[in-house]
Amino acid sequence: MSSVSAYYNGKNVLITGATGFMGKVLMEKLLRSSPDVKAVYILVRPKAGQSMQERVANMLKCKVFDRVREDCPNFHEKIKPINAELTQPKLAISAEDEEELLTRINIVFHCAATVRFDEPLKHALQLNALGTQRLLELARQMQNLEAFIHISTAYANCIRKCIDEIIYPPPAEPKKLFDLIEWLDESIIEDITPKLLGDWPNTYTYTKALSEYLIQQEKGNLNIAIIRPSIVGASWHEPFPGWIDNFNGTSGIFIAAGKGILRTVIANNEAVADMIPVDVAINLTLAAGWYTAVHRPKNMLVYNCTTGGINPFFWGEMEQYVMSTFKRNPLEQAFRTPNAHLTSNYLINQYWITVSHKAPAILYDLYMRLTGRKPRMMKIINRLHKSMTLLQYFSTQSWDWSSENMNMLMSHLNTEDKKLYNFDVRQLHWSEYIESYCLGAKKYLLNEDMAGIPAAKQHLRKLRNIRYAFNTTLLVIIWRIFIARSQMARNIWYFVLRKEAKDFLMLMAIGDTCFT
Ligand SMILES: CCCCCCCCCCCCCCCC(=O)SCCNC(=O)CCNC(=O)[C@H](O)C(C)(C)COP(=O)(O)OP(=O)(O)OC[C@H]1O[C@@H](n2cnc3c(N)ncnc32)[C@H](O)[C@@H]1OP(=O)(O)O
Ligand SMILES: NC(=O)C1=CN([C@@H]2O[C@H](COP(=O)(O)OP(=O)(O)OC[C@H]3O[C@@H](n4cnc5c(N)ncnc54)[C@H](OP(=O)(O)O)[C@@H]3O)[C@@H](O)[C@H]2O)C=CC1
């Protein structure tokens, strides 16, 4: 009998960020593993011209819910969307909805955040820090709340090399920053952002660090746990191997490499690529929710949800597995043959950027212009370079995260829960996982059919022939120019030709002697 599943049955759960990548997997797993959960309240904002109801209806059609749809066809009846905007006072929740939440909710999972590295500081603060503070304020008034689980990131304290499961001093006093964004003009905030960030690489990690500190300061009597996942990747097993629905973290990089657009990456081959499958992070989150509510630990527990200390995997290995998968299972309409390399040398990277990114992009765009179409490759390349610049902080360094609380939690699970909420990353086989991740990106992100693989391979052969023809023509042209301009080059050329001819005649003579 599963204690974790049983715990959630009959409970009212509140999830923020349920429309996001992790939120969807959390909601799906909760509804499937605890089919008698009373209700799952989700905070949703209207977006892109769609009302909250339309967004939820569209979300529930998503493939990620196929399994729960099959197991519990009426699962959608349990989902109660609440109109909310986390950057607004009182989260912009109506008085009526607020009343319902205050009387009913038993567990809160706070996943909502902006995960963009280039988010303007004002917005990142409003959502990641102030939004968390406001949610906490609401949670403190909830009459039946048993646990509050906050999803942070393993990189919230990335300015340290060894990261324990504790809350570190914040980069700044959050209240002072809130005052600042209240009265300072947005353009001034942008100007002083680098100064405020200090050693922090981006506004995302900075505001996530602030939110951890705010939680510690303002938790009151709440039972809180903080989960810190590292780079969240496609699912390992659930709901389907390889399920992924956004281009964040490594996913966009894999696709750009698979399409042959990305050929060089600044990364340290020997640095740990600390990746955690989304279903593992969610299993740990649900188990931590149960533990926090049932065992009520005296101190707030922080769970570093990472793999590096337990089952390390390196960027160099990742390059090999990704390339090998895409060579065997190519993406459709690749720009060039997949062939990405990692380097930690800035100059080598710049060289390959010029030769392998910019030059082909310029030629391709020229071809597009000449054939009356809109050039687009240089734009894609520029965006890719911007992403790579923002990501390289994470691909060139290693961190040590302690994982005692993860181990402690595992030891509290019974045999069935260990299987149902598996977060034992020692069992993770990286080459298999990366293959399934790449195939998942092909299927679920790019909507490519596996039946199209023979055609994609044929396309790669065509690209290879174009490359051979192009290289040969280029070589002949360069050589002709060189020969025409330099007497010494001509002498070398005739010398080589004479030597080749001599060797050839000698070989013929040897052949004749042997066969007669
Ligand atoms: C061989 C491999 C070796 C690996 C070699 C090392 C890799 C090294 C990785 C380190 C990874 C650290 C990860 C830290 C772990 C956290 O804790 S971070 C949590 C996750 N957060 C992130 O990863 C956010 C990072 N991303 C960003 O901040 C922003 O996306 C960037 C990088 C600033 C780019 O912004 P942008 O140029 O404005 O582009 P963006 O808005 O993201 O996308 C525009 C559109 O293009 C689409 N798109 C984006 N990428 C693609 C793509 N590749 N293809 C097609 N469409 C795409 C988007 O879906 C979007 O579509 P719409 O929504 O507009 O319809
Ligand atoms: N993905 C990763 O690699 C990692 C993620 N994390 C953490 O996990 C959590 C979830 O991340 P992930 O699922 O990847 O992120 P997504 O970007 O996929 O989802 C973010 C969610 O937050 C919601 N949200 C954003 N702004 C608002 C707002 N103003 N009001 C209400 N809701 C809002 C989004 O809603 P909408 O659909 O309306 O935009 C969406 O549901 C985050 O806290 C993140 O920091 C930690 C480590 C790594």
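This text follows the structure it describes.
A short tour of the structure in this document, coming up. (Residues numbered from 1 in each chain as written. Chains lettered and ligands numbered in written order. Predicted model: local features only at pLDDT ≥ 70, side-chain atom pairs only at ≥ 80, totals over all residues. Heavy atoms only, no water.)

## Describing the nonpolar core
Moving on, step 1. Y8, I15, M27, I42 and I434 are the most contacted members of the largest nonpolar core, which totals 124 residues.
Moving on, step 2. When residues in this core are grouped by element, the largest group, 11 residues, is from helix α11 (residues 278-295).
Moving on, step 3. Judged by nonpolar contacts, the second largest core, of 29 residues, contains Y41, L102, I105 and I224. (Core = buried A, V, L, I, M, F, W, Y, C linked by side-chain atoms within 4.5 Å. Buried < 20%, exposed > 50% of the residue type's maximum accessible area, 1.4 Å probe, protein only. Helix = DSSP H or I, 4+ residues; strand = E, 2+ residues; numbered from the N terminus.)

## Remarks on helix α2 (residues 21-33)
Moving on, step 1. Helix length check: α2, at 13 residues, gives a terminal C-alpha distance of 19 Å against a target of 18 Å (1.5 Å per residue), a fit within 8%.
Moving on, step 2. In terms of burial, α2 is a largely internal element, 13 of the 13 residues being buried. (Expected span 1.5 Å × (residues − 1).)

## A word on the site of ligand 2
Moving on, step 1. T19, R45, R55, E85 and Y204 are the nearest of the 26 residues found near ligand 2.
Moving on, step 2. Between ligand 2 and G17 there is a distance of 3.3 Å, counted from an oxygen atom to a backbone nitrogen or oxygen.
Moving on, step 3. In this structure, A113 approaches ligand 2 through a main-chain N or O atom, which is 3.3 Å from an oxygen atom.
Moving on, step 4. Where the shell around ligand 2 is concerned, the elements lending two or more residues are α2 and α9 (203-218).
Moving on, step 5. Tallied by class, the residues present in the shell around ligand 2 amount to 13 nonpolar, 8 polar and 5 charged. (Near = heavy atom within 4 Å. Polar contact = N/O pair within 3.5 Å; in protein donor to acceptor, adjacent residues only side chain to side chain. Nonpolar A, V, L, I, M, F, W, Y, C, P; charged D, E, K, R; others polar.)

## Section: the sheet that holds strand β4 (residues 107-110)
Moving on, step 1. Read from one edge of the open sheet, 7 strands run β3-β2-β1-β4-β5-β7-β11, paired in parallel fashion. The open sheet has two edge strands with one neighbour each: β3 (79-83) and β11 (301-305). Across the sheet, the axes of successive neighbouring strands diverge by a mean angle of 20°, strand direction being ignored.
Moving on, step 2. The pairing of strand β1 (residues 12-16) with strand β2 (residues 39-44) spans 5 bridges and is parallel. By the bridge assignment, V13 is partnered in β2 with V40.
Moving on, step 3. Its contacts with the sheet put α11 on β4, β5 (147-151), β7 (224-229) and β11, and the angle it makes with β5 is roughly 150°. (Pairing = 2+ DSSP bridges. Axes fitted to C-alpha atoms, helices over the stretch in contact; angles between N-to-C directions. Contact = heavy atoms within 4.5 Å.)

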